[in-house]
Amino acid sequence: VEALTLVGYMALKLGFEEIGRVLASRLGADAMPCFMFVASYCYELNLCHTLAKGFSWLQFIELLAFDAIENGYHVWSLSRLWGEQQDVADTAARGRISPWRC
């Protein structure tokens, strides 16, 4: 039951991130610092609550795995984005497209 709670927690966390993405696309980047502050506050408050009430090793390993997988995804995503920007810059440097379109 406790392990399923963490799966539900992760699903809600991913849903919250999707709400942030939608808000950013509609409201622009100005609203994101407030959204990120609330998200960080809620995450840390929930984590403190979970750690304070005691938990099993399975929960700890599951939380650790979720965080490691999420961080790995973000590193992969940033490296892919960086590679795409390098491709556009290389193409612009060869004169095929205007660098102002990047």
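Residues numbered from 1 in each chain as written. Predicted model: local features only at pLDDT ≥ 70, side-chain atom pairs only at ≥ 80, totals over all residues. Heavy atoms only, no water.

A closer look at empty space enclosed by the protein
If a probe the size of a water molecule is rolled over the atoms, the empty space left behind becomes visible. Taken as a whole, this structure holds 1 cavity of 30 Å³ or more when the rule is applied. Considering only enclosed or pocket space, the largest cavity measures out at about 40 Å³ in volume. Taken together, Tyr9, Met10, Lys13, Tyr43, Leu63, Phe66 and Asp67 form the lining of the largest cavity. Of all the elements in the fold, those that place two or more residues in the lining of the largest cavity are α1 (2–27) and α3 (57–93). Among the residues making up the lining of the largest cavity, the classes are represented as 5 nonpolar, no polar and 2 charged. (1 Å grid on protein atoms, 1.4 Å probe; cavity = no way out; pocket = protein on both sides within 12 Å on 5 of 7 lines; lining within 4 Å. Points joined across faces, edges and corners; volume = space filled by probe spheres on them. Helix = DSSP H or I, 4+ residues; strand = E, 2+ residues; numbered from the N terminus. Nonpolar A, V, L, I, M, F, W, Y, C, P; charged D, E, K, R; others polar.)

Focus: the layout of surface pockets
Its volume calculated, the largest pocket comes out at about 560 Å³. As for the largest pocket, its lining consists of 20 residues, of which Lys13, Leu14, Phe16, Glu17 and Ala39 are closest to the centre. For the lining of the largest pocket, the secondary-structure elements that each account for two or more residues are α1, α2 (32–52) and α3. Ranked by residue count, the leading element in the lining of the largest pocket is α1, at 9 residues. Each residue belonging to the lining of the largest pocket can be placed in one class, and the counts come to 10 nonpolar, 4 polar and 6 charged.

Regarding α2
Helix length check: α2, at 21 residues, gives a terminal C-alpha distance of 30 Å against a target of 30 Å (1.5 Å per residue), a fit within 8%. Of all the residues in α2, the buried ones are Met32, Phe35, Ala39 and Thr50. When α2 is viewed along its axis, its buried side chains cluster within an angular range of 60° and face the same direction. For α2, the exposed residues lying more than 90 degrees away from the buried face are Pro33, Cys34, Phe37, Tyr41, Glu44, Leu45, Cys48, His49 and Ala52. (Expected span 1.5 Å × (residues − 1). Buried < 20%, exposed > 50% of the residue type's maximum accessible area, 1.4 Å probe, protein only. Arc of directions from axis to C-beta.)

Some remarks on the pattern of salt bridges
Within the structure shown, the criterion is met by 3 salt bridges. Between Lys13 and Asp67 there is a salt bridge, with its nearest N and O atoms 4.0 Å apart. With a gap of 54 residues between them, Lys13 in helix α1 and Asp67 in helix α3 connect regions that are remote in the sequence. Residue Lys13 is classed as buried on the basis of its relative accessible area, which comes to 17%. (Salt bridge = Lys/Arg side-chain N within 4 Å of Asp/Glu carboxyl O.)

Here we look at a nonpolar patch on the surface
Where nonpolar side chains cluster on the molecular surface, the patch consists of Phe16, Ile19, Leu23, Leu27, Phe37, Val38, Tyr41 and Leu45 and spans about 790 Å² of accessible area. Of all elements in the fold, only α1 and α2 reach the threshold of two or more residues within the nonpolar patch. Checked against the element boundaries, Ile19 lands in helix α1. (Patch = residues over 30% accessible without salt bridge, like charges linked within 9 Å, V, L, I, M, F, W, Y side chains within 5 Å. Areas by Shrake-Rupley, 256 points an atom, 1.4 Å probe, with all protein chains shown as cover.)

Fair warning: the whole summary comes from geometry, so function is off the table for now.
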